[in-house]
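What follows is the residue order along each chain.
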Amino acid sequence: MDRDHQQPPDIDDEEFDDWAEERLADVEYDTELGKEMGKDAVRLARGEMSQEEFHEKYHEQVQAEFGLDDRPTKPEK
């Protein structure tokens, strides 16, 4: 089976970081940021985190990494 079509390990499983690092190895961006955002995206989907919490947590890091934060999930105040 192609590795990209396998179910990823659960975010609480120790194997998740290795799985994510393998997939992010060729990108020029911060892999730690990618892993943490990926984990929190799962938490968001599970209802364990709100969109506002997600946005606020990563806003400054996304701006620093990409030069802007143009995500469509800006929290409403």
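Conventions we followed
- Residues numbered from 1 in each chain as written.
- Predicted model: local features only at pLDDT ≥ 70, side-chain atom pairs only at ≥ 80, totals over all residues.
- Heavy atoms only, no water.
- Salt bridge = Lys/Arg side-chain N within 4 Å of Asp/Glu carboxyl O.
- Helix = DSSP H or I, 4+ residues; strand = E, 2+ residues; numbered from the N terminus.
- Buried < 20%, exposed > 50% of the residue type's maximum accessible area, 1.4 Å probe, protein only.
- Axes fitted to C-alpha atoms, helices over the stretch in contact; angles between N-to-C directions.
- Parallel < 35°, antiparallel > 145°, perpendicular 65-115°, else oblique.
- Left-handed = near helix turned anticlockwise from the far one by under 90°.
- Contact = heavy atoms within 4.5 Å.
- Nonpolar A, V, L, I, M, F, W, Y, C, P; charged D, E, K, R; others polar.
- Phe/Tyr/Trp six-rings, centres within 6.5 Å; stacked < 30°, edge-to-face > 60°.

Student: Please explain the pattern of salt bridges as it appears in this structure.
Tutor: Should their charged atoms come close, side chains of opposite charge can pair. For the coordinates displayed, the defined rule picks out nine salt bridges. A salt bridge links arginine 46 to aspartate 10, with the shortest nitrogen-to-oxygen separation between them at 2.6 Å. With arginine 46 in helix α2 (residues 31–46) and aspartate 10 in the segment before α1 (15–24), this residue pair connects regions lying 36 residues apart in the sequence. The exposure class assigned to aspartate 10 is partly exposed, which follows from its relative accessible area of 36%.

Student: Mind showing me how you'd approach the packing of α2 against helix α3 (residues 51–66) here?
Tutor: A pair of packed helices can be characterised by two numbers: the angle between their axes and the separation between those axes. At a closest axis distance of 11 Å, the pairing of α2 and α3 adopts a crossing angle of 165 degrees. As summarised for this structure, α2 and α3 are arranged roughly antiparallel, according to the angle between their axes. For α2 against α3, the interelement crossing comes out left-handed. Between α2 and α3, the contacting residues are Leu33, Glu36, Met37, Asp40, Ala41 and Leu44 on the first element and Gln51, Phe54, Lys57, Tyr58, Gln61, Val62 and Glu65 on the second. Taken together, the residues of the contact of α2 with α3 break down into seven nonpolar, two polar and four charged.

Student: Looking at this model, I keep getting lost on the packing of aromatic side chains. Mind explaining?
Tutor: Pairs of aromatic rings are described using the distance from one ring centre to the other and the angle between the two planes. By the definition in use, this model includes three aromatic pairs. Relative to tryptophan 19, the ring of phenylalanine 16 has its centre 5.6 Å away and its plane inclined at 35 degrees; by these criteria the two rings are tilted. Note that phenylalanine 16 and tryptophan 19 are positioned in helix α1 at a spacing of three residues, about one turn of the helix. Its relative accessible area of 24% is what places tryptophan 19 among the partly exposed residues. Between the aromatic rings of phenylalanine 54 and tyrosine 58, the centroid separation amounts to 5.1 Å while the plane-to-plane angle is 55 degrees, which identifies the pairing as tilted. Of the two residues, phenylalanine 54 and tyrosine 58 both sit in helix α3, four residues apart, roughly one turn of that helix. On the accessibility criterion, tyrosine 58 (2% relative accessible area) is buried.

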